[in-house]
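Understanding the architecture of this molecule
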Amino acid sequence: QLQLEESGGGLVQPGGSLRLSCTASDFILKNYALGWFRQVPGKEREGVACIVDSGTGTDYADSVKGRFTISRDNAENTVYLQMDKLKPEDTGVYYCTRYPTWSCTRGSNHLWGKGTLVTVSS
């Protein structure tokens, strides 16, 4: 089945780092923008980062800019999110998504992973 599978979540201390990975099955990622969303406790799902099909353009939420880095390896069919200087407010379930096209334009036909939990706490 077409799917995205996230990994790399866990418990980390404030100021620490994690790297999330998302690998596609049964389709090739190269033609699509890819991104990460998160859903924090008591809030709606929000966009975190996006990378276009070629990897030459990225977009970040203001809250993570300078701390998170999105990248992709089309040969491995994988997208990554490197998270540094983590804060307690970064806690949430992180979801990998395939956008409808090559660009970071939200649409109604995304493909979503099931999510991986990131907990930032002392």
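Bear in mind that the values here come from a model prediction, so they are computed numbers and not experimental data.

1. What about the overall build of the chain?
Helix and strand counts for the chain come out as 0 helices and 11 strands. Start at the N end of the chain and walk to the C end: the helices and strands fall as β-β-β-β-β-β-β-β-β-β-β. Here the C-alpha atoms of the chain give a radius of gyration of 13 Å, agreeing with the 14 Å that 2.2 N^0.38 yields for 122 residues. Taken along the three principal axes of its C-alpha coordinates, the chain extends 40 × 30 × 25 Å. A buried classification covers 43% of the 122 residues belonging to the chain. Once local pairs closer than 6 in sequence are excluded, the contacts in the chain between residues at least 24 apart make up 58%. When the accessible surface of the chain is split by element, carbon and sulfur atoms take 46% of a total near 6,400 Å². Averaged over its 13 positive side-chain charges, the chain has a centre that lies 2 Å from the centre of its 13 negative ones.

2. Focus on the side chain of His110
Within the secondary structure layout, His110 lies in the loop between strand 9 (92-98) and strand 10 (111-112). A distance of 2.8 Å separates the side chain of His110 from the side chain of Thr97, its partner in a polar contact. Separated by 3.2 Å, the side chain of His110 and the backbone nitrogen of Gly107 make a polar contact. Not counting the four nearest positions on each side in its chain, His110 is found in contact with Thr97, Arg98, Tyr99, Pro100 and Thr105.

3. Observations concerning the pattern of salt bridges
The tally for this structure, following the rule as stated, stands at 4 salt bridges. Here Asp90 ties to Arg38 by a salt bridge, and the two come within 2.9 Å at their closest N and O atoms. Remark: Arg38 occurs in strand 4 (residues 34-39) and Asp90 occurs in the loop between strand 8 (78-83) and strand 9; sequence separation between them is 52 residues. An identical accessibility class is assigned to Asp90 and Arg38; each is buried. Measuring nitrogen to oxygen at the nearest pair gives 3.3 Å for the salt bridge that ties Lys65 to Asp62. The network of salt bridges with common partners includes Arg38, Glu46, Arg67 and Asp90.

Parameters and conventions
- Residues numbered from 1 in each chain as written.
- Predicted model: local features only at pLDDT ≥ 70, side-chain atom pairs only at ≥ 80, totals over all residues.
- Heavy atoms only, no water.
- Helix = DSSP H or I, 4+ residues; strand = E, 2+ residues; numbered from the N terminus.
- Rg over C-alpha atoms; globule rule 2.2 N^0.38 Å.
- Buried < 20%, exposed > 50% of the residue type's maximum accessible area, 1.4 Å probe, protein only.
- Contact = heavy atoms within 4.5 Å.
- Areas by Shrake-Rupley, 256 points an atom, 1.4 Å probe, with all protein chains shown as cover.
- Lys, Arg positive; Asp, Glu negative; His and termini not counted.
- Charge placed at Lys NZ, Arg CZ, Asp CG, Glu CD.
- Polar contact = N/O pair within 3.5 Å; in protein donor to acceptor, adjacent residues only side chain to side chain.
- Salt bridge = Lys/Arg side-chain N within 4 Å of Asp/Glu carboxyl O.

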